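Per-entry structural report
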Amino acid sequence: MTDYSRFVLESNLIGDRWTGADSGETIAVTNPATGAQIGTVPASGEAETMRAIAAAKAAFESWSKSDLSYRVGLMNRLNDALLDNQEALAWLLTCEQGKPLFEARGEIAIGAAYVRWFAEEIRRAKGEIVPAPTRDRRLLVTHHPVGVVGAITPWNFPSSMLARKLAPALAAGCTVVAKPASATPYSGLAWGKLCEEAGFPAGVVNILTGSARTIGATIMASPDVRKVTFTGSTEVGKTLIRQSADTVKKVSMELGGNAPFIVFDDADLDAAVEGAMVAKYRNMGQTCVCANRFFVQAGIHDAFVKRLAEATGALVVGSGTEEGVQQGPMIDLNAVEKVETMIADALDKGANVVTGGKRHGNGGTYFEPTVLTGATGEMMFASDEIFGPLSAVFRFETEEEALQAANATRFGLAAYAYTRDLGRAFRLNEGLQYGLIGINAGLITTVEAPFGGLKESGLGKEGGSQGLEDYFDTKYTAIAGLGL
């Protein structure tokens, strides 16, 4: 076991101080694999949040004007610090969130990759000189850091989701007040410690734990916070968008999903099953881009289900810190009960369980990875996000039928399809109403490409060159009287 104790930080970082809540109240953090308490974090509220915003505002005055080479240098040091501490951070992540260690290591690595990417990408954030209608003018378009950024992150990817927000903000010259999820706060607080050790000035990065409702409302109400970036449920995202109106903040929202995974008769069956396992069971099915509905064409349906069920039944379930484990516990009992409700609803409406379908013999929040057939549009998971290890398989006949069913949702985050027909691949690109599309690929997230949804799955993009845009204000300046 790797010692991660130096990252079990039981204080908040506000300005240059690590401090508890004014009330002295704390929130217990438990290991979902064992139920044992790891430690506590401050139950901060409005007063602490206001101080963090003030610290970020004060730091913005100098940070926003700092040399680009200085900011890039610090970000490179942060990247190195993440990789130097990858094993300890991975153990911390697994112990508070539950995912297997190999997934946790990957999450730390991609978080570091986001830092490195935006340290490089900020060098290419160019303005423009626009051709003027008259000779004696020059028209400039320039980009400037937006200001203090509020970042609210989820429990399912508590390190990499913060990386996708923190890295572009810091590169652009913004300062940050971050609120990690209460279920997995230590991975967020660890970023504060590493930023401090890398040499970021006090107040540039502030990390707060506590009431999501109170901290979020305080961030949204503050006129000093000019942008808010949120990853979480669509319902909470809508509330934050409404709250942003009073101060006309920029917002970027990465919200819920209901990803279709379409397998056509001409698909490579081996590749489709391999992609399905990654798209469905990564992080125990608790990802926003997780395959939610499997649409399988009639000619390949039975063969695909047989192979998927065999692979699903072979998954090793246990504590994420144990060697060889592929599926850890779910985050809490509420998550388990939601999956149970969806399975019961589907069985009542004619579906059949092929493998799994119930709580795992390990007890606690462990659940058997499940494959279910006979899914129809009337079942709960047809419209609601599962967020658990349940594969619901629908049968279809025609491409048009599959496309219509795939789009029959208010969400539009990720979609997947397996086919060898090149023309169909382009038709899917045009027809699928999703921000992320994987053709013959079940894992498509990468730092080089924009991440974000359509419809009620969100606003804005994270990653790629587009990931910097929301952290800038764009100004147009006309310079006249040049005597040219």
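As a reminder, the structure under discussion sits directly above these lines.
The text that follows walks through the structure, step by step, so that each part is easy to find.

What counts, and at which threshold
- Residues numbered from 1 in each chain as written.
- Predicted model: local features only at pLDDT ≥ 70, side-chain atom pairs only at ≥ 80, totals over all residues.
- Heavy atoms only, no water.
- Helix = DSSP H or I, 4+ residues; strand = E, 2+ residues; numbered from the N terminus.
- Rg over C-alpha atoms; globule rule 2.2 N^0.38 Å.
- Buried < 20%, exposed > 50% of the residue type's maximum accessible area, 1.4 Å probe, protein only.
- Contact = heavy atoms within 4.5 Å.
- Areas by Shrake-Rupley, 256 points an atom, 1.4 Å probe, with all protein chains shown as cover.
- Lys, Arg positive; Asp, Glu negative; His and termini not counted.
- Charge placed at Lys NZ, Arg CZ, Asp CG, Glu CD.
- Pairing = 2+ DSSP bridges.
- Axes fitted to C-alpha atoms, helices over the stretch in contact; angles between N-to-C directions.
- Right-handed = clockwise from strand over helix to strand, strands pointing away.
- Salt bridge = Lys/Arg side-chain N within 4 Å of Asp/Glu carboxyl O.
- Expected span 1.5 Å × (residues − 1).
- Phe/Tyr/Trp six-rings, centres within 6.5 Å; stacked < 30°, edge-to-face > 60°.
- Core = buried A, V, L, I, M, F, W, Y, C linked by side-chain atoms within 4.5 Å.
- Parallel < 35°, antiparallel > 145°, perpendicular 65-115°, else oblique.
- Nonpolar A, V, L, I, M, F, W, Y, C, P; charged D, E, K, R; others polar.

Let us look at the overall build of the protein. In terms of helices and strands, the protein carries 13 helices and 22 strands. Against the compact-globule benchmark of 23 Å for 484 residues, the protein has a radius of gyration of 23 Å, which places it among compact chains. Projected onto its principal axes, the C-alpha coordinates of the protein cover approximately 75 × 60 × 40 Å. When burial is assessed residue by residue, the protein has 56% of its 484 residues classed as buried. Of the contacts formed within the protein by residues at least 6 apart in sequence, a portion of 74% connects residues at least 24 apart. Per element, the accessible surface of the protein, about 18900 Å² overall, is 52% carbon and sulfur. On the protein, the mean spot of the 44 positive side-chain charges and the mean spot of the 55 negative ones are 6 Å from each other.

Spatially, 3 strands are ordered 5-6-22 in an open sheet, and the strand pairing comes out antiparallel. The open sheet has two edge strands with one neighbour each: strand 5 (128–130) and strand 22 (472–479). Adjacent strand axes in the sheet meet at a mean angle of 25° when their direction is disregarded. In the sheet, strand 5 pairs with strand 6 (residues 138–145) via 3 bridges, with the strands oriented antiparallel. Counterpart to Val-130 in the pairing with strand 6 is Leu-139.

Turning next to the pairing of strand 12 (residues 259–263). Of all 5 residues that make up strand 12, 5 are buried, and the element is covered over most of its length. Of the two faces of strand 12, the one carrying Ala-259, Phe-261 and Val-263 and the one carrying Pro-260 and Ile-262 are both buried. Note: strand 12 against strand 13 (residues 291–297), 5 bridges, orientation parallel. Among the inter-strand pairings, Pro-260 is bridged to a residue of strand 13, identified as Arg-293. Handedness of the β-α-β unit built from strand 12, helix 9 (residues 269–281) and strand 13 comes out right-handed. Where strand 12 lies against strand 18 (residues 414–418), 3 bridges are found, and the strand directions are parallel. For Phe-261, the partnering residue across the bridge sits in strand 18 and is Tyr-416.

This part is about the sheet that holds strand 16 (residues 390–396). What the 7 strands build is an open sheet, ordered 14-15-16-13-12-18-19; its pairing is mixed. Looking along the sheet, the strands with just one partner apiece sit at the ends: strand 14 (352–355) and strand 19 (436–439). In this sheet, neighbouring strand axes are inclined to one another by 25° on average, regardless of whether the strands run parallel or antiparallel. Sheet topology places strand 14 next to strand 15 (residues 370–373); 3 bridges connect them, and they run antiparallel. Among the inter-strand pairings, Thr-355 is bridged to a residue of strand 15, identified as Val-371.

So, on to the pattern of salt bridges. Evaluated as defined, the whole model comprises 25 salt bridges. When the shortest N-O distance is used, the salt bridge between Glu-107 and Lys-99 registers 2.6 Å. Residue classification places Lys-99 among the buried positions, given a relative accessible area of 0%. Across the pair Arg-359 and Glu-340 runs a salt bridge, and its minimum N-O distance is 2.7 Å. Here Arg-359 is found in the loop between strand 14 and strand 15, whereas its partner Glu-340 is found in helix 11 (residues 333–348), with 19 residues between them in sequence. Accessibility expressed as a relative area gives 35% for Arg-359, which makes it partly exposed.

Turning to helix 3 (residues 86–97), a few remarks are in order. For helix 3, which comprises 12 residues, the first-to-last C-alpha distance of 16 Å matches the rise-based estimate of 16 Å (1.5 Å per residue) to within 8%. Counting buried positions along helix 3 gives 10 out of 12 residues, so the element sits mostly inside the fold. Burial in helix 3 covers these residues: Ala-88, Leu-89, Ala-90, Trp-91, Leu-92, Leu-93, Thr-94, Cys-95, Glu-96 and Gln-97. For helix 3, the elements touching its buried residues are strand 3 (26–30), strand 4 (37–42), helix 2 (68–84), helix 4 (101–121) and helix 6 (185–198). Remark: Gly-98 follows helix 3 within two positions and exhibits a positive phi of approximately 110°.

Centre distance and the angle of the planes are the two values used to describe a pair of aromatic rings. As enumerated under the stated definition, the model contains 10 aromatic pairs in all. Look at Phe-294 and Phe-304: their rings are 6.2 Å apart centre to centre, the planes differ by 40°, and that puts the pair in the tilted class. With Phe-294 in strand 13 and Phe-304 in helix 10 (residues 298–313), this residue pair connects regions lying 10 residues apart in the sequence. For Phe-294, a relative accessible area of 0% translates into the label buried. On the basis of relative accessible area, Phe-304 is assigned to the buried category, the value being 0%. Ring centres of Phe-295 and Phe-394 lie 4.8 Å apart, and the angle between their planes is 40°; on these two criteria the pair is classed as tilted.

Our next topic: the nonpolar core. If you look at the biggest cluster of nonpolar residues, it comprises 60 residues, and the most contacted ones within it are Met-75, Leu-78 and Phe-200. For this core, the leading source of residues is helix 4, giving 10 residues. With sequence-adjacent residues up to four places away left out, Met-75 is seen in contact with Val-115, Phe-118, Ala-119, Ala-167, Leu-170, Ala-171 and Phe-200. Counting 30 residues, the second largest nonpolar core, distinct from the first, contains Phe-264, Ala-375, Met-379 and Ala-415.

At a minimum axis distance of 8 Å, the contact between helix 3 and helix 6 shows a crossing angle of 155°. Classed by the angle they form, the pair helix 3 and helix 6 counts as roughly antiparallel. Along the contact surface, helix 3 presents Leu-89, Leu-92, Leu-93 and Glu-96, while helix 6 presents Pro-185, Tyr-186, Ser-187, Ala-190 and Leu-194. Class assignment of the residues belonging to the contact of helix 3 with helix 6 gives a composition of 7 nonpolar, 1 polar and 1 charged.

Right, let's get into the side chain of Thr-19. Mapping Thr-19 onto the fold places it in strand 2 (residues 17–19). Look at Thr-19 and you get buried, because its relative accessible area is 16%. If near-sequence neighbours (up to four positions away) are discounted, Thr-19 is found in contact with Ser-11, Asn-12, Ile-14 and Pro-42.

Take the environment of Arg-17 next. The topology assignment puts Arg-17 in strand 2. Of the residues examined, Arg-17 reaches a relative accessible area of 53% and is grouped as exposed. Separated by 317 residues in the primary sequence, Arg-17 and Asn-334 have C-alpha atoms spaced 35 Å apart.

A few words on unusual backbone geometry. For Asn-440, which is not glycine, the phi torsion reads 60° and is therefore positive. Note on Asn-440: relative accessible area 41%, which makes it partly exposed.

Geometry only, nothing functional implied.
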